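# Structural characterization, general
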Amino acid sequence: MKLGRPVLGASSWMLAFILCMISTCTLTQQASNKPAPVPGPMLNQGIVDYDTPEFTLSLVRSSQTVAALKPKGGDGFDFTPADLLVARSQNGFFHLGDLTLRVRTEGSGDWTNYSTASARTPVSTLPASGNVLAAADLAATLPSDIPLQITRTWAIEEGKLVLRFALTNKSAKPVQIGALGIPMIFNNVLNDRSLEQAHAICSFYDPYIGEDAGYLQVTRLNGHGPALLVVPEGKTPFEAYNPILDHKGRWGAAPVFTDPTPRGITFEGFYEWMVHSQAYAENEWKNAQPWNTPSSLTLAPGESKTYGVKFLVSDSIRHIESTLTKNQRPVAVGVPGYVLPQDIEARLFLKYGKPVASLKVEPPSAIEIHEDSFPHDAWRAYTLEGKTWGRSRLTVTYGDGTVQTIQYFVIKPAAQTVADLGHFLTTRQWFTDSNDPFHRAPSAVTYDREANQIVLQDSRVWIAGLSDEGGAGSWLAAIMKELVEPDKEELGKLQQFVDGVLWGGLQSKDNDGPHPYGVRKSLFYYQPDQMPPNYYNSSFDWKSWTSWNKQASEAVDRSYDYPHVAAAYWVLYRLARNHQGLVTNHPWGWYLNHAYETSMAMTNYAKDLAMFGQMEGSIFVQILTDLKREGMNTQADALENKMRERADRWKKEAYPFGSEMPWDSTGQEEVYAWTKYFGYQDKAEITLDAILGYDPAIPHWGYNGSARRYWDFIFAAKDQRLERQLHHYGSGLNAIPVLAEYREHPDDFYLLRVGYGGTMGALTDIDQEGFDSAAFHSFPDMLKPDPLTGDNGPNIFGHAWNTATYIVNHPEFGWVAFGGNVKVNGAVVTVTPRDSYRSRIYAASLGLWLTLDAGTFEKVELNSTTGVVRVGLAGATDFTAEARLRVEQPARVSGISAYRPASLLKAERDAYVVPLQKEVTWLELNTGH
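Residues numbered from 1 in each chain as written. Predicted model: local features only at pLDDT ≥ 70, side-chain atom pairs only at ≥ 80, totals over all residues. Heavy atoms only, no water.

## With respect to the overall build of the chain
Scanning the chain from N- to C-terminus turns up 19 helices and 44 strands. For the chain, the spread of C-alpha atoms along the three principal axes comes to 85 × 75 × 50 Å. Residue burial in the chain is summarised as follows: out of 929 residues, 64% are buried. Pairs at least 24 apart in sequence give 69% of the contacts found in the chain among residues at least 6 apart. For the chain, the exposed surface amounts to about 31300 Å²; the carbon and sulfur share of it is 48%. Counting 83 positive and 103 negative side-chain charges, the chain places the averaged centre of each group 1 Å from the other. (Helix = DSSP H or I, 4+ residues; strand = E, 2+ residues; numbered from the N terminus. Buried < 20%, exposed > 50% of the residue type's maximum accessible area, 1.4 Å probe, protein only. Contact = heavy atoms within 4.5 Å. Areas by Shrake-Rupley, 256 points an atom, 1.4 Å probe, with all protein chains shown as cover. Lys, Arg positive; Asp, Glu negative; His and termini not counted. Charge placed at Lys NZ, Arg CZ, Asp CG, Glu CD.)

Laid out in C-alpha cells, this is it:
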C-alpha cells in the first residue's frame, strides 16, 4: 500500500493511518515540539577520532563503540546514525562494536542472554600499539555472572579496518556459546527526515547470508558510491540474520534483544550478523527452516576463540563484487539468477583464489550440477538443473576450508507456473455467489492458504473489497496472467468480471453519478446498520480506521486504485485487437477507450495523490502509445497533456518519487517511465540510481532483485508484521525501469542481473498448485510465504511486463541466456526461449529488442559473424493466425545498422504482420548489407 501526503489534503483515513503508526510504533521522534535529547552517561568521556586509510573513525571513549564511520572521499558522508548519537546514548541502544550472546555452562540446562548494550558502564581500556587503534576489556559493561572474558579490538590490517572480539572461558566448566551476534548499526533511520535529507545521509543494508563467504552491503539511498562492505575476518561465518526490534509489540516477531529506536514506516529496525544461532533455532526459531545449518561453539576452561569483521569500501554499487575479489573474498554469479525453472540450464560462476574442494546440494535431489570446461582461469563454471520444487542450498567448500552457501529456489517451468496461477485464480479463488450483498461476484477474490478458503471479510475492508492493492491483487494477477498466457475459458470468466463487477460496480459507469469512470476504494465495507444481525465476523476489530463505512468505501479519490483497472482494460484491448475469438464481449475500441477514460479519471478525481508516481504506472505510457498507434489523436493529446503536468512537477523535485513518507519504493517505476518519455534524462537517472540503492544483486534467491519493502505485511497480509519482505510487489515493479535501462545499455550486465532477479522473484511466491502469496517473511522465526494473496497483483503485473529472454555475449562468461537455453555451434548461437511469455527477445550484442503483440517465439538464431538473426515463430492456433512483430533497437551499438525483415511484410500499427504456418515459421532479419 502506498499512501498520500496528508498535509496536502489527502483523505482522512490516510491521516488516521499515520496517527495509528505513530501511536503503535511509538514514533515519538516525529513530534515537532519534542524536547532536545539528554546525553547519556556513555558520552561523559567524549569522542576520540582515528584517521585510517579508508575511513575517519570516531569511537565513544567510554564504550569504544562507533560514533561515526566516514569513508574517505565521501564528502563527509557517514554510514552510521551519528546525528542521533545523543538521542541514542542511553542504556539499551545498540552501536557498531556491540556484541550479543546466549550461553550456558555445562550442567546448566538454561540459556542466558548477554548484551554489551544493556547497561553502559565504561569499559576497561587496554594498551594499544602497532596496528591496534583501540582495545578494551568488556567485563564492566556485561553482567558479572558471565562465564566469559571478552576483549574487543579495533585495528588496521593491510590498510583495512578490522573489528575483533576475543572470547575466553574464565570458568572451571565448559561453556557453550549457542548464539553470537554482532549488531550491524548503520543509518537506515529515516525518522524525522525529509526526502532530500534521507537520500543525502541515510543508507540501506542487505545481507548475503553465505557463511564464510557472506557479507553485508551498505548502500546509500541515492544509489551513489561509496558503498560499504562488511566481510568476515578470520572464521566468522555469516550464519543467520537477526532483527533487533524496538519492543515486544504487534508489528514483529518476539525479539531476543531490543533497541528503543522506534520502528515504523520510516525505520524497519537494525539487524545483527549471527555467527552462531543454534540456541535461537531450538527456541524462538524452532518452527522455521533456517537458511544455514545452525551452529554453536563449546569452549573448554581457559580456551579462547576470536571472531571479527572487516570493513571494505567499494567506489560504487556496481563494483561490489570486484571489491570483494580484490580483497580475496569468494564471489558467485548465477545466470539467470538463483530462481531455477525446471526447464532451464542455469549457470553458476565462482571466483576465488583457492580451488573448489566439494559441492553439496540440500536436499540432495533438488539440483543437478556439473562442472563445465571454461577458458577463463579466474572463474569456475557450472551448469545447474533444478529438479525438486522449493528452497535448496548449495554449499561450496574451497581448498582452504572456506565455506560458501548459495540459496536457490527451484520452480516449475515458468510457463507452467504462470498457468497454475491462472487456473488457481479462476477456480479456487473464483467467487460466484450472486446473492453477495456487496456485489463482488463473479470475481477472483483474496484467498487464505492456511484456511484454504476465499476471504469475504476482513476489518481491513479493502482486502475483501476488490480494491486497493490488497483487494485488487487477485483479479489483477488473473488479468495480467492472460497477457502472458491467454486462455479462452479463463478469459470468459474475466470478461464476466469486467462487465458484472468492475464496470458499474467497482468503477462508476460513464452515465452514473457525479464521477464517471471513478474507481471506488472498496466494494466491501463495515456498515452494521445495513446488514443482518451478526453479519460481520466478531473475531475482527471493526473499530479501527481500516474498517471503512459505506460512504468512505465509495470515495474515488485514491489514485492508486486506478492503474489496476486501466491495466485490466488494456490487456483485454490487446487480446481483442491482436487475436481472433479470445475476447468477444466488446470490440477492442471499447476496452482501449475505457483504459483511456480510467487514466483521465485518476488525474481528475485523485489529484492530491496522482501527483506521485503510481505502482503499475507504466500502463499509462502504454495506453498513450496505443492511442497514438490507433489514430485516436484527441484522446492521446489529452492524456499526454495530463501526464506532462505530472512529469513537469517531478522535473522540479530533487527526488521526484516520494509520498508522505521520507522514502518509498513504488513510485519510481512510473516516474522513470514518464521522465524518460518526456526527455527529462537527469530525473530518470536519479530515479534509477535510487532503485539500485535498495534493489541488490546477491547470491540468494530471496534478496537478489528484491526491492526493499517492509510495511505492507501490515496492510495486506495475514501475519501482520513490520518486516523486510522478500519479493513483495516492489520486486516486479522496480525491475521494469531497471531492465528498460539495460536494453539501452547492454554492457551494464549488473542491471540485467538485478532486473531479472526481480522479474523471476515474483514466481517464487507461487506454490505448486498456483496459490500466489503476497511475499515471503524474512525474519528467522518464520522464513515462509504469507498465507494471504494480499497485494500480489502488482508483482504479477511486473512479471508480465518484464518477462523475456535475454541473450548476452559476456566478456568473461561467454554466451549466456536469461530466460532461455543457449547452444553455440561455431558462429551460430541458438536460443530456445523458456520464459513464461516467449514473446520478447533481447539480443544484447546487437541492441536488438524483438517483441510480439501476437504469436510466440519458438527459437532464435544469431550469426555472430554475419549479424543475421533468424526467428522461429510457433505455429498458428485457432486464435492466432498472424504474428505481429515489432523490431526495435533501444541501444546504439557501434557498427550495427537498423534491422528489418529480409522478406516484404505488411506493417500495421508499427508492427510487421507475419502469416503463420501450421509448423514453425522462420523469418530472417538483417541490416540490409
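Here the narrative resumes.
## Remarks on the packing of helix α6 (residues 468–484) against helix α19 (residues 793–802)
Taken N-terminus to C-terminus, the directions of α6 and α19 make an angle of 20°; their axes are 6 Å apart at the nearest point. Classified by the angle their axes make, α6 and α19 are roughly parallel. Of the two elements, α6 crosses α19, and the hand of that crossing is left-handed. Listed contacts from α19 to Glu469, Gly473, Leu476, Ala477, Met480, Lys481, Leu483 and Val484 of α6 are Gly793, Pro794, Ile796, Phe797, Ala800 and Trp801. Looking at the contact of α6 with α19 residue by residue, the classes come out as ten nonpolar, two polar and two charged. (Axes fitted to C-alpha atoms, helices over the stretch in contact; angles between N-to-C directions. Parallel < 35°, antiparallel > 145°, perpendicular 65-115°, else oblique. Left-handed = near helix turned anticlockwise from the far one by under 90°. Nonpolar A, V, L, I, M, F, W, Y, C, P; charged D, E, K, R; others polar.)

## Notes on the pattern of salt bridges
For the structure shown, the criterion picks out 58 salt bridges. Lys235 is the partner of Asp212 in a salt bridge, and the nearest nitrogen-oxygen pair spans 2.4 Å. In this pair, Asp212 is assigned in the loop between β11 (203–208) and β12 (215–220) and Lys235 in the loop between β13 (227–233) and β14 (240–244), connecting sequence segments 23 residues apart. The class of Asp212 is buried, set by a relative accessible area of 7%. Lys310 serves as the salt-bridge partner of Glu233, at 3.6 Å between the closest nitrogen and oxygen. Taken together, the residues Glu233 in strand β13 and Lys310 in strand β17 (residues 304–314) connect sequence positions 77 residues apart. The class of Glu233 is buried, set by a relative accessible area of 17%. You can call Lys310 buried: its relative accessible area is 17%. Ionic contacts of the salt-bridge type, sharing partners, join the residues Arg577, Glu630, Glu882, Arg884, Lys906, Glu908 and Arg909 into one network. (Salt bridge = Lys/Arg side-chain N within 4 Å of Asp/Glu carboxyl O.)

## Concerning the nonpolar core
Counting 261 residues, the largest nonpolar core has Leu167, Phe311, Trp475 and Met480 as its most contacted members. Ignoring anything within four residues of it in the chain, the contact list for Leu167 reads Leu99, Leu101, Leu148, Gln149, Ile150, Ile177, Leu180, Leu299, Glu303, Ser304, Lys305 and Tyr307. One finds Phe857, Leu862, Tyr899 and Val914 within the second-largest nonpolar core, a separate group that totals 25 residues. (Core = buried A, V, L, I, M, F, W, Y, C linked by side-chain atoms within 4.5 Å.)

## Notes on the packing of aromatic side chains
Aromatic rings considered in pairs are described by the distance between their centres and by the relative angle of their planes. Enumeration over the complete set of coordinates arrives at 60 aromatic pairs. Relative to Phe813, the ring of Phe349 has its centre 3.9 Å away and its plane inclined at 10°; by these criteria the two rings are stacked. Pair noted here: Phe349 is in strand β20 (residues 346–351) and Phe813 is in the loop between β32 (805–810) and β33 (814–818), with a separation of 464 residues, a long-range link. On the basis of relative accessibility, which here comes to 0%, the residue Phe349 falls in the buried class. (Phe/Tyr/Trp six-rings, centres within 6.5 Å; stacked < 30°, edge-to-face > 60°.)

## Observations regarding the sheet that holds strand β1 (residues 47–51)
The antiparallel open sheet is built from three strands, whose spatial order is β1-β2-β3. The strands lining the two open edges of the sheet, one partner per strand, are β1 and β3 (66–71). When strand polarity is set aside, the average angle formed by the axes of neighbouring strands in this sheet is 15°. In this structure, β1 lies alongside strand β2 (residues 55–60), joined through five bridges in antiparallel fashion. Considered in β2, the bridge of Tyr50 is made with Leu57. (Pairing = 2+ DSSP bridges.)

## A few points about the sheet that holds β11
Strand order in this open sheet of eight strands is β6-β7-β8-β9-β17-β13-β12-β11, and the pairing throughout is antiparallel. Among the strands making up the open sheet, the edge pair consists of β6 (124–126) and β11. Looking at each pair of strands side by side, their axes are set apart by 20° on average, direction ignored. Examined bridge by bridge, strand β7 (residues 132–137) and strand β8 (residues 148–157) share five bridges and lie antiparallel to one another. Looking at the pairing, Ala135 lines up with Thr153 of β8.

## Some thoughts on the side chain of Arg886
Within the secondary structure, Arg886 is located in strand β40 (residues 882–888). At 2.6 Å, the side chain of Arg886 and the side chain of Asp853 are in polar contact. Here Asp910 takes part through its backbone oxygen, which lies 3.3 Å from a polar atom of the side chain of Arg886. Leave out the neighbours within four places in its chain, and Arg886 touches Arg629, Trp849, Leu850, Thr851, Asp853, Arg909, Asp910 and Ala911. (Polar contact = N/O pair within 3.5 Å; in protein donor to acceptor, adjacent residues only side chain to side chain.)

## Some words on unusual backbone geometry
With an omega of 0°, the peptide bond between Gly225 and Pro226 qualifies as cis. A cis amide bond, omega -5°, links Glu362 with the succeeding residue Pro363. Note that Pro363 resides in the loop between β21 (356–362) and β22 (367–372). Phi is positive for Gln328, which is not a glycine, with a value near 60°. Summarising the element assignment, Gln328 is placed in the loop between α4 (320–326) and β18 (331–335).

## Some thoughts on α19
With ten of its ten residues buried, α19 lies for the most part within the structure. All of the buried residues in α19 are Gly793, Pro794, Asn795, Ile796, Phe797, Gly798, His799, Ala800, Trp801 and Asn802.

## Some thoughts on the environment of Val671
Within the secondary structure, Val671 is located in helix α14 (residues 668–677). Measuring from C-alpha to C-alpha, the distance between Val671 and His439 comes to 35 Å, with 232 residues separating the pair along the chain. With residues up to four places along the chain from it excluded, the contact list for Val671 reads Gly613, Trp650, Pro656, Phe657 and Thr687.

## Comments concerning the pairing of strand β38 (residues 857–863)
As judged from the four bridges shared by strand β35 (residues 828–833) and β38, these two strands associate in the antiparallel manner. Looking at the pairing, Val828 lines up with Asn863 of β38. Pairing of β38 with strand β39 (residues 869–873) involves five bridges; the strand directions are antiparallel. From the neighbouring strand, Phe857 faces β39, where its bridge partner is Leu873. Taken together, β38 and the strand that follows it, β39, pair antiparallel across an intervening segment of five residues, in which Gly867 is found at a positive phi of about 80°.

## Some thoughts on the environment of Tyr842
Take Tyr842: it is sitting in strand β36 (residues 840–843). Each C-alpha atom, one on Tyr842 and one on Ala804, is 7.6 Å from the other, the two residues being 38 residues apart in sequence. Excluding its chain neighbours within four sequence positions, the residues that come into contact with Tyr842 are Tyr742, Arg743, Pro746, Thr805, Tyr806, Ile807, Gly847, Leu848, Trp849, Pro890 and Ala891. There is a polar contact of 2.7 Å between the side chain of Tyr842 and the backbone oxygen of Arg743.

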